[in-house]
Amino acid sequence: MNLRESAAAFGPTGLRDPAILIVDDAPDNLAALRTQMVEQGYQTFVANSGERALQLAQRVHPDLILMDIVMPDMDGFEACRLLKAHPVTQRIPVIFMSARTEAEDVVAGFDLGAVDYIGKPLRMAEVCARVRAQLQIRASSETQQEQAERLRTIVNSMAEGLLIIEASGRIQFTNPACDQYLGYQADQLSGRYIGDLLNPLVAQEYLDYFARHAANPATAHSHGTREVIIRHRNGNSVCMDLTLTPMFLRQPLFIGLLHDITHHKLSEDALQRAAMVDPLTKIANRRHFDSFLEKEWQRATRTGAPLSLVLLDVDHFKLYNDSLGHAAGDICLQQVAGAIATHALRGTDLAARYGGEEFVLLFAETDLEAATGLAEAIRAHVEALRLPHPKSPTSPWITVSIGVATAYPQQLDITETLFVAADRAMYSAKEDGRNQICATRTSGASGVR
Ligand SMILES: Nc1nc2c(ncn2[C@@H]2O[C@H](COP(=O)(O)OP(=O)(O)OP(=O)(O)O)[C@@H](O)[C@H]2O)c(=O)[nH]1
(Lines give C-alpha, C1' and ligand atoms only; values in the text may rest on other atoms or scores of the structure.)
Protein backbone atom coordinates (compact mmCIF):
# COMPACT_ATOMS: atom_id res chain seq x y z
CA MET A 1 0.00 0.00 0.00
CA ASN A 2 1.47 3.40 -0.96
CA LEU A 3 1.00 6.67 0.97
CA ARG A 4 -2.08 7.77 -0.97
CA GLU A 5 -3.67 4.41 -0.36
CA SER A 6 -2.85 4.49 3.30
CA ALA A 7 -4.33 8.02 3.62
CA ALA A 8 -7.46 6.77 1.93
CA ALA A 9 -7.63 3.98 4.49
CA PHE A 10 -8.78 6.50 7.09
CA GLY A 11 -12.47 7.28 6.78
CA PRO A 12 -14.02 10.76 7.23
CA THR A 13 -14.13 10.23 11.02
CA GLY A 14 -10.36 9.68 11.11
CA LEU A 15 -10.96 6.07 12.16
CA ARG A 16 -9.05 3.47 10.14
CA ASP A 17 -10.96 1.01 7.97
CA PRO A 18 -10.53 -2.49 9.39
CA ALA A 19 -7.31 -4.08 8.11
CA ILE A 20 -7.30 -7.76 7.10
CA LEU A 21 -4.15 -9.80 6.67
CA ILE A 22 -4.73 -12.70 4.24
CA VAL A 23 -2.26 -15.58 4.45
CA ASP A 24 -2.25 -18.29 1.73
CA ASP A 25 0.48 -19.92 -0.34
CA ALA A 26 -1.85 -20.21 -3.38
CA PRO A 27 -1.74 -16.97 -5.42
CA ASP A 28 -5.26 -17.57 -6.81
CA ASN A 29 -6.75 -17.87 -3.32
CA LEU A 30 -4.92 -14.74 -2.23
CA ALA A 31 -6.20 -12.75 -5.21
CA ALA A 32 -9.82 -13.92 -4.84
CA LEU A 33 -9.92 -13.22 -1.10
CA ARG A 34 -8.26 -9.84 -1.53
CA THR A 35 -10.87 -8.82 -4.10
CA GLN A 36 -13.67 -9.81 -1.72
CA MET A 37 -12.18 -7.98 1.22
CA VAL A 38 -11.53 -4.81 -0.75
CA GLU A 39 -15.15 -4.93 -1.95
CA GLN A 40 -16.24 -5.03 1.70
CA GLY A 41 -14.29 -1.82 2.26
CA TYR A 42 -11.41 -3.34 4.21
CA GLN A 43 -7.74 -2.54 3.92
CA THR A 44 -5.89 -5.68 2.87
CA PHE A 45 -2.42 -7.07 3.34
CA VAL A 46 -1.31 -10.37 1.86
CA ALA A 47 1.33 -12.92 2.83
CA ASN A 48 2.18 -16.12 0.97
CA SER A 49 3.94 -17.84 3.90
CA GLY A 50 3.78 -18.19 7.68
CA GLU A 51 7.07 -16.27 8.14
CA ARG A 52 5.87 -13.38 6.00
CA ALA A 53 2.57 -13.31 7.92
CA LEU A 54 4.41 -12.93 11.25
CA GLN A 55 6.53 -10.04 9.91
CA LEU A 56 3.52 -8.22 8.47
CA ALA A 57 1.35 -8.77 11.54
CA GLN A 58 4.00 -7.16 13.75
CA ARG A 59 4.35 -4.21 11.41
CA VAL A 60 0.77 -3.38 10.46
CA HIS A 61 -1.25 -4.71 13.43
CA PRO A 62 -4.17 -5.97 11.34
CA ASP A 63 -7.63 -6.19 12.91
CA LEU A 64 -8.02 -9.78 11.73
CA ILE A 65 -5.98 -12.54 10.04
CA LEU A 66 -7.40 -15.02 7.54
CA MET A 67 -4.94 -17.89 7.74
CA ASP A 68 -4.52 -20.91 5.47
CA ILE A 69 -3.27 -23.98 7.35
CA VAL A 70 -1.39 -26.08 4.83
CA MET A 71 1.63 -24.11 3.66
CA PRO A 72 5.26 -25.15 3.00
CA ASP A 73 7.88 -24.43 5.72
CA MET A 74 5.76 -22.86 8.46
CA ASP A 75 2.14 -24.00 8.41
CA GLY A 76 -0.84 -21.93 9.63
CA PHE A 77 -0.99 -23.69 13.03
CA GLU A 78 2.65 -22.85 13.77
CA ALA A 79 2.21 -19.27 12.55
CA CYS A 80 -0.85 -18.90 14.81
CA ARG A 81 1.04 -20.34 17.79
CA LEU A 82 3.85 -17.80 17.28
CA LEU A 83 1.38 -14.93 16.84
CA LYS A 84 -0.34 -15.84 20.14
CA ALA A 85 3.04 -16.06 21.88
CA HIS A 86 4.05 -12.51 20.98
CA PRO A 87 2.61 -9.64 23.05
CA VAL A 88 2.25 -7.35 20.02
CA THR A 89 0.21 -9.84 17.98
CA GLN A 90 -1.45 -12.09 20.54
CA ARG A 91 -4.76 -10.20 20.57
CA ILE A 92 -5.27 -10.21 16.81
CA PRO A 93 -8.15 -12.59 15.98
CA VAL A 94 -7.18 -15.41 13.61
CA ILE A 95 -9.65 -17.27 11.37
CA PHE A 96 -8.34 -20.51 9.89
CA MET A 97 -9.29 -21.54 6.35
CA SER A 98 -8.61 -25.13 5.39
CA ALA A 99 -9.70 -28.12 3.37
CA ARG A 100 -8.84 -30.15 6.51
CA THR A 101 -12.22 -30.13 8.19
CA GLU A 102 -11.85 -33.18 10.43
CA ALA A 103 -13.04 -32.54 13.95
CA GLU A 104 -9.51 -32.88 15.39
CA ASP A 105 -8.20 -30.22 12.95
CA VAL A 106 -10.96 -27.81 13.86
CA VAL A 107 -10.46 -28.47 17.58
CA ALA A 108 -6.68 -28.02 17.21
CA GLY A 109 -7.32 -24.68 15.49
CA PHE A 110 -9.55 -23.40 18.31
CA ASP A 111 -7.11 -24.74 20.90
CA LEU A 112 -4.40 -22.60 19.36
CA GLY A 113 -6.56 -19.54 20.01
CA ALA A 114 -8.32 -19.09 16.66
CA VAL A 115 -11.71 -17.39 16.76
CA ASP A 116 -13.18 -19.27 13.80
CA TYR A 117 -12.52 -22.06 11.32
CA ILE A 118 -13.81 -22.00 7.71
CA GLY A 119 -13.81 -25.06 5.48
CA LYS A 120 -12.43 -24.99 1.94
CA PRO A 121 -13.55 -24.67 -0.81
CA LEU A 122 -14.44 -21.20 0.37
CA ARG A 123 -17.90 -19.73 -0.09
CA MET A 124 -17.04 -16.06 -0.30
CA ALA A 125 -20.34 -14.81 1.13
CA GLU A 126 -19.79 -16.99 4.20
CA VAL A 127 -16.16 -15.75 4.58
CA CYS A 128 -17.38 -12.16 4.43
CA ALA A 129 -20.12 -12.82 7.01
CA ARG A 130 -17.68 -14.52 9.39
CA VAL A 131 -15.10 -11.73 9.00
CA ARG A 132 -17.81 -9.12 9.64
CA ALA A 133 -18.99 -10.93 12.77
CA GLN A 134 -15.47 -11.17 14.20
CA LEU A 135 -14.73 -7.53 13.46
CA GLN A 136 -17.92 -6.54 15.32
CA ILE A 137 -16.94 -8.64 18.34
CA ARG A 138 -13.46 -7.12 18.28
CA ALA A 139 -14.84 -3.55 18.01
CA SER A 140 -17.21 -4.02 20.94
CA SER A 141 -14.54 -5.65 23.08
CA GLU A 142 -12.18 -2.77 22.23
CA THR A 143 -14.88 -0.29 23.25
CA GLN A 144 -15.32 -2.11 26.54
CA GLN A 145 -11.57 -2.13 27.10
CA GLU A 146 -11.39 1.58 26.34
CA GLN A 147 -14.25 2.33 28.70
CA ALA A 148 -12.65 0.26 31.43
CA GLU A 149 -9.33 2.00 30.83
CA ARG A 150 -10.99 5.43 30.98
CA LEU A 151 -12.75 4.54 34.23
CA ARG A 152 -9.53 3.14 35.70
CA THR A 153 -7.70 6.38 34.90
CA ILE A 154 -10.45 8.49 36.49
CA VAL A 155 -10.61 6.34 39.63
CA ASN A 156 -6.84 6.27 40.02
CA SER A 157 -6.35 9.98 39.54
CA MET A 158 -9.34 11.36 41.47
CA ALA A 159 -8.58 13.36 44.62
CA GLU A 160 -11.47 11.78 46.51
CA GLY A 161 -11.01 8.42 48.16
CA LEU A 162 -13.15 5.64 46.67
CA LEU A 163 -14.07 2.33 48.26
CA ILE A 164 -16.21 -0.49 46.94
CA ILE A 165 -17.80 -2.33 49.85
CA GLU A 166 -19.73 -5.61 49.89
CA ALA A 167 -22.94 -6.04 51.87
CA SER A 168 -20.97 -7.95 54.53
CA GLY A 169 -18.88 -4.82 55.13
CA ARG A 170 -15.87 -6.35 53.37
CA ILE A 171 -13.85 -3.84 51.37
CA GLN A 172 -13.45 -5.07 47.80
CA PHE A 173 -11.49 -2.20 46.27
CA THR A 174 -9.90 1.12 47.20
CA ASN A 175 -8.37 3.74 44.93
CA PRO A 176 -4.92 5.33 45.51
CA ALA A 177 -6.43 8.48 47.11
CA CYS A 178 -8.26 6.33 49.68
CA ASP A 179 -5.09 4.32 50.45
CA GLN A 180 -3.14 7.53 50.85
CA TYR A 181 -5.77 9.21 53.10
CA LEU A 182 -5.73 6.23 55.43
CA GLY A 183 -2.00 5.43 55.26
CA TYR A 184 -2.16 2.08 53.44
CA GLN A 185 -0.18 0.62 50.54
CA ALA A 186 -2.09 -0.35 47.37
CA ASP A 187 -4.34 -3.39 47.94
CA GLN A 188 -3.73 -3.50 51.71
CA LEU A 189 -7.27 -2.38 52.45
CA SER A 190 -8.93 -4.87 50.11
CA GLY A 191 -10.26 -7.78 52.14
CA ARG A 192 -10.53 -5.81 55.39
CA TYR A 193 -13.86 -4.88 56.97
CA ILE A 194 -15.31 -1.43 57.58
CA GLY A 195 -15.28 -2.28 61.28
CA ASP A 196 -11.45 -2.03 61.06
CA LEU A 197 -11.79 1.62 60.09
CA LEU A 198 -14.88 2.94 61.85
CA ASN A 199 -16.11 3.21 65.39
CA PRO A 200 -18.16 0.04 66.17
CA LEU A 201 -21.48 1.90 66.49
CA VAL A 202 -21.07 3.73 63.18
CA ALA A 203 -19.87 0.53 61.45
CA GLN A 204 -22.96 -1.31 62.75
CA GLU A 205 -25.21 1.45 61.45
CA TYR A 206 -23.70 1.02 57.97
CA LEU A 207 -23.97 -2.78 58.17
CA ASP A 208 -27.68 -2.43 59.02
CA TYR A 209 -28.12 -0.17 56.00
CA PHE A 210 -26.26 -2.69 53.78
CA ALA A 211 -28.43 -5.53 55.07
CA ARG A 212 -31.65 -3.58 54.44
CA HIS A 213 -30.52 -2.78 50.91
CA ALA A 214 -29.28 -6.30 50.14
CA ALA A 215 -32.67 -7.69 51.25
CA ASN A 216 -34.56 -5.29 49.03
CA PRO A 217 -32.43 -3.66 46.31
CA ALA A 218 -35.45 -2.03 44.64
CA THR A 219 -35.98 0.32 47.57
CA ALA A 220 -32.28 1.14 47.94
CA HIS A 221 -31.40 4.78 48.21
CA SER A 222 -28.19 6.67 48.73
CA HIS A 223 -27.10 6.84 52.34
CA GLY A 224 -26.13 10.47 51.70
CA THR A 225 -23.09 12.22 53.10
CA ARG A 226 -22.11 12.15 56.74
CA GLU A 227 -19.10 13.11 58.76
CA VAL A 228 -17.22 10.11 60.13
CA ILE A 229 -14.07 9.60 62.14
CA ILE A 230 -11.87 7.01 60.42
CA ARG A 231 -8.94 5.20 61.97
CA HIS A 232 -5.72 5.98 60.10
CA ARG A 233 -3.20 3.15 59.88
CA ASN A 234 -0.92 5.04 62.29
CA GLY A 235 -3.67 4.96 64.94
CA ASN A 236 -4.69 8.61 64.57
CA SER A 237 -8.25 9.61 63.78
CA VAL A 238 -9.04 11.47 60.60
CA CYS A 239 -12.24 13.36 59.98
CA MET A 240 -13.88 12.58 56.63
CA ASP A 241 -17.12 13.12 54.76
CA LEU A 242 -18.38 9.71 53.61
CA THR A 243 -20.97 9.45 50.83
CA LEU A 244 -22.44 5.99 50.21
CA THR A 245 -24.34 4.96 47.11
CA PRO A 246 -25.74 1.46 46.44
CA MET A 247 -25.01 -0.32 43.18
CA PHE A 248 -26.29 -3.72 42.10
CA LEU A 249 -24.03 -5.79 39.82
CA ARG A 250 -23.91 -9.55 40.35
CA GLN A 251 -24.17 -8.78 44.06
CA PRO A 252 -25.20 -5.69 46.03
CA LEU A 253 -22.23 -3.35 46.35
CA PHE A 254 -21.76 0.09 47.86
CA ILE A 255 -19.63 2.87 46.51
CA GLY A 256 -18.11 4.97 49.29
CA LEU A 257 -16.62 8.36 48.47
CA LEU A 258 -14.28 9.84 51.07
CA HIS A 259 -13.51 13.50 51.30
CA ASP A 260 -10.85 14.59 53.79
CA ILE A 261 -12.18 17.42 55.96
CA THR A 262 -9.46 17.30 58.63
CA HIS A 263 -8.10 20.71 57.56
CA HIS A 264 -11.56 22.19 57.42
CA LYS A 265 -12.23 20.71 60.88
CA LEU A 266 -8.98 22.08 62.25
CA SER A 267 -9.83 25.59 61.10
CA GLU A 268 -13.36 25.17 62.49
CA ASP A 269 -11.85 24.13 65.83
CA ALA A 270 -9.42 27.05 65.64
CA LEU A 271 -12.34 29.42 65.05
CA GLN A 272 -14.23 27.92 67.97
CA ARG A 273 -11.17 28.29 70.19
CA ALA A 274 -10.63 31.87 68.99
CA ALA A 275 -14.21 32.70 69.95
CA MET A 276 -13.36 31.71 73.53
CA VAL A 277 -10.14 33.68 73.91
CA ASP A 278 -9.45 37.35 74.63
CA PRO A 279 -7.37 38.59 71.68
CA LEU A 280 -5.14 40.94 73.73
CA THR A 281 -4.19 38.74 76.66
CA LYS A 282 -4.82 35.28 75.13
CA ILE A 283 -6.59 34.07 78.27
CA ALA A 284 -10.31 33.14 78.34
CA ASN A 285 -12.77 35.86 77.44
CA ARG A 286 -15.98 36.85 79.18
CA ARG A 287 -18.21 34.64 77.04
CA HIS A 288 -16.18 31.55 77.83
CA PHE A 289 -16.02 32.43 81.50
CA ASP A 290 -19.80 32.91 81.74
CA SER A 291 -20.56 29.52 80.22
CA PHE A 292 -17.87 27.86 82.34
CA LEU A 293 -19.32 29.48 85.49
CA GLU A 294 -22.82 28.33 84.51
CA LYS A 295 -21.66 24.72 84.26
CA GLU A 296 -19.70 24.79 87.49
CA TRP A 297 -22.63 26.49 89.22
CA GLN A 298 -24.95 23.66 88.18
CA ARG A 299 -22.42 21.09 89.32
CA ALA A 300 -21.96 22.80 92.68
CA THR A 301 -25.77 22.87 93.07
CA ARG A 302 -25.77 19.08 92.73
CA THR A 303 -22.70 18.36 94.85
CA GLY A 304 -23.15 21.07 97.48
CA ALA A 305 -19.48 22.04 97.11
CA PRO A 306 -18.39 25.67 97.52
CA LEU A 307 -17.67 27.84 94.49
CA SER A 308 -15.35 30.86 94.76
CA LEU A 309 -15.10 33.85 92.49
CA VAL A 310 -12.08 36.16 92.56
CA LEU A 311 -12.50 39.53 90.88
CA LEU A 312 -9.44 41.73 90.25
CA ASP A 313 -9.17 45.30 89.05
CA VAL A 314 -5.86 46.99 88.14
CA ASP A 315 -5.34 49.98 90.41
CA HIS A 316 -5.23 53.48 88.90
CA PHE A 317 -5.01 52.07 85.45
CA LYS A 318 -6.38 55.21 83.84
CA LEU A 319 -3.40 57.10 85.26
CA TYR A 320 -1.09 54.40 83.92
CA ASN A 321 -2.50 54.78 80.42
CA ASP A 322 -2.49 58.55 80.62
CA SER A 323 1.13 58.69 81.73
CA LEU A 324 2.73 55.87 79.74
CA GLY A 325 0.39 55.57 76.75
CA HIS A 326 -2.27 53.09 75.66
CA ALA A 327 0.26 50.71 74.03
CA ALA A 328 2.19 50.39 77.32
CA GLY A 329 -1.20 49.85 79.01
CA ASP A 330 -1.86 46.92 76.66
CA ILE A 331 1.49 45.31 77.46
CA CYS A 332 0.85 45.81 81.18
CA LEU A 333 -2.54 44.04 80.87
CA GLN A 334 -0.85 41.14 79.08
CA GLN A 335 1.70 40.77 81.87
CA VAL A 336 -0.92 40.96 84.60
CA ALA A 337 -3.07 38.39 82.72
CA GLY A 338 -0.09 36.05 82.40
CA ALA A 339 0.57 36.26 86.15
CA ILE A 340 -3.09 35.67 87.02
CA ALA A 341 -3.48 32.70 84.66
CA THR A 342 -0.63 30.81 86.36
CA HIS A 343 -2.85 30.49 89.45
CA ALA A 344 -5.67 28.65 87.67
CA LEU A 345 -4.13 25.21 87.98
CA ARG A 346 -6.95 22.68 88.19
CA GLY A 347 -9.30 21.65 85.40
CA THR A 348 -12.12 23.27 87.38
CA ASP A 349 -10.27 26.63 87.69
CA LEU A 350 -10.54 29.31 85.03
CA ALA A 351 -8.91 32.75 84.69
CA ALA A 352 -10.45 35.25 82.27
CA ARG A 353 -10.31 38.86 81.22
CA TYR A 354 -13.76 40.11 82.05
CA GLY A 355 -13.44 43.48 80.35
CA GLY A 356 -11.08 46.50 80.31
CA GLU A 357 -8.64 46.17 83.21
CA GLU A 358 -10.87 43.74 85.11
CA PHE A 359 -10.03 40.04 85.52
CA VAL A 360 -11.88 37.11 87.12
CA LEU A 361 -10.94 33.66 88.37
CA LEU A 362 -13.29 30.86 89.23
CA PHE A 363 -12.22 28.23 91.74
CA ALA A 364 -14.67 25.34 91.95
CA GLU A 365 -14.78 23.12 95.06
CA THR A 366 -12.86 25.86 96.89
CA ASP A 367 -14.07 27.49 100.10
CA LEU A 368 -13.61 31.13 101.09
CA GLU A 369 -10.49 30.49 103.11
CA ALA A 370 -8.69 28.67 100.31
CA ALA A 371 -9.85 31.21 97.72
CA THR A 372 -8.61 34.07 99.89
CA GLY A 373 -5.22 32.35 100.10
CA LEU A 374 -5.12 32.02 96.31
CA ALA A 375 -6.17 35.66 95.88
CA GLU A 376 -3.38 36.80 98.19
CA ALA A 377 -0.86 34.79 96.14
CA ILE A 378 -2.11 36.48 92.97
CA ARG A 379 -1.99 39.94 94.54
CA ALA A 380 1.60 39.34 95.66
CA HIS A 381 2.52 37.91 92.26
CA VAL A 382 1.27 41.01 90.40
CA GLU A 383 3.06 43.34 92.80
CA ALA A 384 6.22 41.26 92.41
CA LEU A 385 6.16 41.90 88.67
CA ARG A 386 7.44 45.34 89.59
CA LEU A 387 5.78 47.03 86.65
CA PRO A 388 6.57 50.71 87.29
CA HIS A 389 3.53 52.98 87.76
CA PRO A 390 5.14 56.37 88.29
CA LYS A 391 1.86 58.31 88.62
CA SER A 392 0.11 55.98 91.07
CA PRO A 393 -0.68 57.65 94.38
CA THR A 394 -0.71 54.30 96.22
CA SER A 395 2.29 52.29 94.95
CA PRO A 396 5.34 52.73 92.69
CA TRP A 397 4.32 49.45 90.97
CA ILE A 398 1.25 48.09 89.25
CA THR A 399 -1.05 46.54 91.87
CA VAL A 400 -4.49 44.97 91.90
CA SER A 401 -7.46 45.20 94.25
CA ILE A 402 -9.29 41.93 94.73
CA GLY A 403 -12.76 40.92 95.82
CA VAL A 404 -13.36 37.30 96.79
CA ALA A 405 -16.81 35.76 97.17
CA THR A 406 -17.78 32.18 97.90
CA ALA A 407 -21.19 30.59 97.36
CA TYR A 408 -22.82 27.25 98.17
CA PRO A 409 -25.31 27.40 95.29
CA GLN A 410 -28.81 26.02 95.76
CA GLN A 411 -31.54 25.21 93.29
CA LEU A 412 -33.05 28.68 92.84
CA ASP A 413 -29.86 30.71 93.17
CA ILE A 414 -28.38 32.63 90.26
CA THR A 415 -24.74 33.30 89.40
CA GLU A 416 -25.42 37.04 89.52
CA THR A 417 -25.43 36.90 93.35
CA LEU A 418 -21.84 35.70 93.37
CA PHE A 419 -20.74 38.45 91.01
CA VAL A 420 -22.46 41.19 92.97
CA ALA A 421 -20.83 39.97 96.19
CA ALA A 422 -17.34 39.77 94.61
CA ASP A 423 -17.79 43.20 93.01
CA ARG A 424 -18.81 44.77 96.29
CA ALA A 425 -15.85 43.15 98.01
CA MET A 426 -13.49 44.43 95.30
CA TYR A 427 -14.80 48.01 95.77
CA SER A 428 -14.28 47.67 99.51
CA ALA A 429 -10.66 46.70 98.77
CA LYS A 430 -10.31 49.83 96.59
CA GLU A 431 -11.84 52.03 99.26
CA ASP A 432 -9.61 50.56 101.92
CA GLY A 433 -6.49 51.72 100.04
CA ARG A 434 -6.08 49.30 97.01
CA ASN A 435 -3.47 46.53 96.57
CA GLN A 436 -5.45 44.35 98.94
CA ILE A 437 -8.11 41.70 99.25
CA CYS A 438 -11.61 41.78 100.63
CA ALA A 439 -13.50 38.50 101.03
CA THR A 440 -17.16 37.70 101.50
CA ARG A 441 -19.37 34.63 101.49
CA THR A 442 -22.81 34.46 99.85
CA SER A 443 -25.51 31.88 100.25
CA GLY A 444 -27.44 32.74 97.13
CA ALA A 445 -30.90 34.18 97.67
CA SER A 446 -30.23 34.73 101.37
CA GLY A 447 -27.42 37.17 100.45
CA VAL A 448 -24.02 37.73 102.03
CA ARG A 449 -23.34 35.81 105.20
N1 LIG B 1 -4.37 50.13 77.54
C2 LIG B 1 -5.61 49.67 77.76
N3 LIG B 1 -6.39 50.31 78.63
C4 LIG B 1 -7.62 49.87 78.87
C5 LIG B 1 -8.10 48.73 78.22
N6 LIG B 1 -9.36 48.50 78.66
C7 LIG B 1 -9.66 49.48 79.57
N8 LIG B 1 -8.60 50.30 79.68
C9 LIG B 1 -8.47 51.49 80.49
O10 LIG B 1 -8.52 51.15 81.85
C11 LIG B 1 -8.87 52.35 82.56
C12 LIG B 1 -9.78 51.98 83.69
O13 LIG B 1 -9.92 53.17 84.45
P14 LIG B 1 -10.94 53.34 85.64
O15 LIG B 1 -12.05 52.34 85.49
O16 LIG B 1 -11.30 54.77 85.70
O17 LIG B 1 -10.19 52.97 86.92
P18 LIG B 1 -8.66 53.00 87.31
O19 LIG B 1 -7.94 54.12 86.65
O20 LIG B 1 -8.10 51.65 87.06
O21 LIG B 1 -8.72 53.32 88.88
P22 LIG B 1 -9.23 52.38 90.00
O23 LIG B 1 -9.92 51.20 89.43
O24 LIG B 1 -10.13 53.26 90.82
O25 LIG B 1 -7.99 51.98 90.75
C26 LIG B 1 -9.53 53.26 81.51
O27 LIG B 1 -8.66 54.37 81.27
C28 LIG B 1 -9.62 52.43 80.29
O29 LIG B 1 -9.43 53.18 79.11
C30 LIG B 1 -7.26 48.08 77.29
O31 LIG B 1 -7.60 47.09 76.67
N32 LIG B 1 -6.02 48.58 77.09
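Predicted model only: the values in this text are computed from it and were never measured.

A. Layout of the overall build of the protein. When helices and strands are counted, the protein shows 14 helices and 15 strands. Per-residue burial over the protein gives 32% buried out of 449 residues. For the protein, contacts bridging at least 24 residues in sequence account for 57% of all contacts bridging at least 6.

B. Structural detail: unusual backbone geometry. Of note, the amide linkage connecting K120 to P121 takes the cis form, showing an omega dihedral of 5 degrees. Among the structural elements, P121 can be located in the loop between β5 (116-119) and α6 (124-157). Residues other than glycine seldom take positive phi values, yet H61 does so here, at roughly 45 degrees. By secondary structure assignment, the location of H61 is in the loop between α3 (50-60) and β3 (64-68). Backbone geometry places N435, a non-glycine residue, at a positive phi of 50 degrees.

C. How the structure looks around the sheet that holds β5. What the five strands build is an open sheet, ordered β2-β1-β3-β4-β5; its pairing is parallel. Every other strand in the sheet has two partners, leaving β2 (43-47) and β5 as the edge strands with one partner each. When strand polarity is set aside, the average angle formed by the axes of neighbouring strands in this sheet is 20 degrees. Across five bridges, the pairing between strand β1 (residues 19-23) and β2 is parallel. Residue pairing across strands places V23 opposite A47, the latter belonging to β2. In this fold α6 packs onto β1, β3, β4 (94-98) and β5, with an angle of close to 175 degrees to the strand it touches most, β5.

D. Region of the structure containing the nonpolar core. Ranked by internal contacts, the top residues of the largest apolar core, which has 50 residues, are V310, A351, I402 and V404. Excluding anything up to four places from it in sequence, V310 contacts V360, L361, F363, A371, L374, A375, I402 and V404. Counting 30 residues, the second largest nonpolar core, distinct from the first, contains I22, L33, C80 and Y117.

E. Geometry of the pairing of β4. With five of five residues buried, β4 lies mostly within the body of the structure. Judged from the four bridges that link them, β3 and β4 form a sheet pairing that is parallel. The partner of L66 across the bridge, within β4, is I95. On the question of chirality, the crossover connecting β3 to the parallel β4 by way of helix α4 (residues 76-85) is right-handed. Taken together, β4, helix α5 (residues 103-111) and β5 constitute a β-α-β crossover, and its handedness is right-handed.

F. Quick look at the packing of α3 against α4. Contact pair α3 / α4: the axes reach a minimum separation of 9 Å and the direction vectors enclose 25 degrees. Judged on the interaxial angle alone, α4 and α3 are roughly parallel. In terms of crossing hand, the pair formed by α3 and α4 is right-handed. Residue-level inspection shows G50, A53, L54 and A57 of α3 in contact with α4, the latter providing G76, E78, A79, L82 and L83. Of the residues that constitute the contact of α3 with α4, the class distribution is six nonpolar, two polar and one charged.

G. Structural detail: the packing of helix α11 (residues 317-324) against helix α12 (residues 326-341). Taken N-terminus to C-terminus, the directions of α11 and α12 make an angle of 130 degrees; their axes are 6 Å apart at the nearest point. As judged from the angle between their axes, α11 and α12 are oblique. Contacts between α11 and α12 involve F317, Y320, N321 and L324 from the first element and H326, A328, G329 and C332 from the second. The residue makeup of the contact of α11 with α12, split by class, is five nonpolar, three polar and no charged.

H. Local environment of the environment of I69. By the secondary structure assignment, I69 is in the loop between β3 and α4. Considering only alpha carbons, one finds I69 and C80, eleven residues apart in sequence, at a separation of 9.3 Å. Every residue in contact with I69, bar those within four places of it in the chain, is listed here: D75, G76, F77, F96, S98 and R100.

I. Broad picture of the confidence of the model for the protein. Model confidence for the protein is summarised by a mean pLDDT of 90, while 94% of its residues fall at 70 or above. The secondary-structure element of the protein with the lowest mean pLDDT is helix α1 (residues 3-8), recorded at 43, while strand β11 (residues 307-314) shows the highest, at 98. For residues 1-8, every residue scores under 50 in pLDDT, and the model assigns this stretch one contact once sequence neighbours within four places are set aside. Interface confidence for the predicted complex, expressed as ipTM, amounts to 0.92; the pTM equals 0.51.

J. Up close: the pairing of β11. Burial runs high along β11: eight of the eight residues are buried. Where burial is concerned, the two faces of β11 agree: the one with L307, L309, L311 and D313 and the one with S308, V310, L312 and V314 are both buried. As judged from the seven bridges shared by β11 and strand β13 (residues 358-364), these two strands associate in the antiparallel manner. Residue pairing across strands places L309 opposite L362, the latter belonging to β13. Where β11 meets strand β14 (residues 400-407), eight bridges bridge the pair, whose relative direction is antiparallel.

Rules of the game
Residues numbered from 1 in each chain as written. Predicted model: local features only at pLDDT ≥ 70, side-chain atom pairs only at ≥ 80, totals over all residues. Helix = DSSP H or I, 4+ residues; strand = E, 2+ residues; numbered from the N terminus. Buried ≥ 20, exposed ≤ 12 C-beta atoms within 10 Å, placed from the backbone. Contact = placed C-beta atoms within 7 Å. Pairing = 2+ DSSP bridges. Axes fitted to C-alpha atoms, helices over the stretch in contact; angles between N-to-C directions. Core = buried A, V, L, I, M, F, W, Y, C linked by C-beta atoms within 7 Å. Right-handed = clockwise from strand over helix to strand, strands pointing away. Parallel < 35°, antiparallel > 145°, perpendicular 65-115°, else oblique. Left-handed = near helix turned anticlockwise from the far one by under 90°. Nonpolar A, V, L, I, M, F, W, Y, C, P; charged D, E, K, R; others polar. pLDDT = per-residue confidence, 0-100.

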